Amino acid sequence: MLKLNVNIDHVATLRQARRTDEPDPAWAATQAELAGADGITFHLREDRRHINDRDAEVLKQVVATKLNMEMSTDAGIVKIAMRLKPDQVTLVPERRQELTTEGGLDVVRNAKRLKPLVKRFKGVGVATSAFIEPAETQIRAAAECGFDAVELWTGGYAHAKTPRARTNALDTLIEGVDRAHDFGLDVHAGHGLTYRNVAPVAWIPGITDFNIGHSIIARSVLVGIREAVQEMRRLLETASHHHMAIVEADDLLPDR
Ligand code: PXP
């Protein structure tokens, strides 16, 4: 079954719009879990524009499913993550001016720095994932650094302006999943996925986890978090059934 990790950053964005104490992202995390989320994702950014240090501590205490912390390789953030010990860290690039994470981490260029960092996290039992563009060079570098998983950046697909560009982006993702499997990596996906565009990505066999934030939180404002999470779960479940149908059809074919 495909796993849905709900990114609750933008619950904190809403709170920070007034610098008050509501809504609390931990409340959202609990509601998302009650609705069937398989995990909770948050990004403790260097500028603390949404999630803050207290949120990270509270999430660690209340999240009963998988806690995935997105983070840059900044020394101060690494120190917090090493102390917090979420179930998984996802290393992402971070720039102050960006609205959200734009593109993947350059693992090729930063391999020397990333390899010992991955080792440190592994040493304290924290799984590691690298958020990268689905390029073979990056996937190979992630495997060489010892990451457990790669999260393939789906922004190229989500932002594609034409059907041809979308198809090409999907093909690139499909190839990326295959390459990552060749290197023994688990494959996650995320960025820019919405209720309208998630199905073709979810239909790609071999992606286990989806990290989805903005679209779910945006819908939550209108229909509530539980319904929003359940709707996204249903879309992923439909894709899972499709995968199973393919496996079963394969089994029915005579050996050649
Ligand atoms: N995955 C990663 C690594 C991200 O940085 C983000 C954005 O915080 C997401 C997934 C979720 O993206 P979106 O909010 O567009 O669903």
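Residues numbered from 1 in each chain as written. Predicted model: local features only at pLDDT ≥ 70, side-chain atom pairs only at ≥ 80, totals over all residues. Heavy atoms only, no water.

Comments concerning the environment of His-181
Within the secondary structure, His-181 sits in helix H8 (residues 163-182). For His-181, a relative accessible area of 38% corresponds to the partly exposed category. For His-181 and Arg-234, which are 53 residues apart along the polypeptide, the C-alpha to C-alpha distance reads 26 Å. The residues contacting His-181, other than those within four sequence positions of it, are Val-187 and Gly-206. (Helix = DSSP H or I, 4+ residues; strand = E, 2+ residues; numbered from the N terminus. Buried < 20%, exposed > 50% of the residue type's maximum accessible area, 1.4 Å probe, protein only. Contact = heavy atoms within 4.5 Å.)

A closer look at the environment of Glu-144
Its place among the elements puts Glu-144 in helix H6 (residues 136-145). Since its relative accessible area comes to 53%, Glu-144 is described here as exposed. For the pair Glu-144 and Val-108, spaced 36 residues apart in sequence, the C-alpha to C-alpha distance is 9.6 Å.

Here's the deal with the site of the ligand
Lining the immediate environment of the ligand, one finds 13 residues, of which Glu-70, Glu-151, Gly-192, Gly-213 and His-214 sit closest. Between an oxygen atom of the ligand and a side-chain N or O atom of Glu-70, the distance comes to 3.1 Å. Take Gly-192: an N or O atom from its main chain is 2.8 Å from an oxygen atom of the ligand. Within the complex, 94% of the 400 Å² of free accessible area of the ligand lies under protein. Residue composition of the shell around the ligand, grouped by class: 3 nonpolar, 8 polar and 2 charged. (Near = heavy atom within 4 Å. Polar contact = N/O pair within 3.5 Å; in protein donor to acceptor, adjacent residues only side chain to side chain. Areas by Shrake-Rupley, 256 points an atom, 1.4 Å probe, with all protein chains shown as cover. Nonpolar A, V, L, I, M, F, W, Y, C, P; charged D, E, K, R; others polar.)

Regarding the pattern of salt bridges
Enumeration over the complete set of coordinates arrives at 13 salt bridges. Between Arg-233 and Glu-237 there is a salt bridge, with its nearest N and O atoms 3.2 Å apart. In this pair, Arg-233 and Glu-237 are both assigned in helix H11 (residues 225-252), 4 residues apart and thus about one turn of the helix distant. With relative accessibility at 8%, the residue Arg-233 sits in the buried group. A residue is classified by how much of its surface remains accessible, and Glu-237, at 28% relative accessible area, is partly exposed. What emerges from the salt-bridge pattern is a single network uniting Arg-15, Asp-24, Arg-54 and Asp-55. (Salt bridge = Lys/Arg side-chain N within 4 Å of Asp/Glu carboxyl O.)

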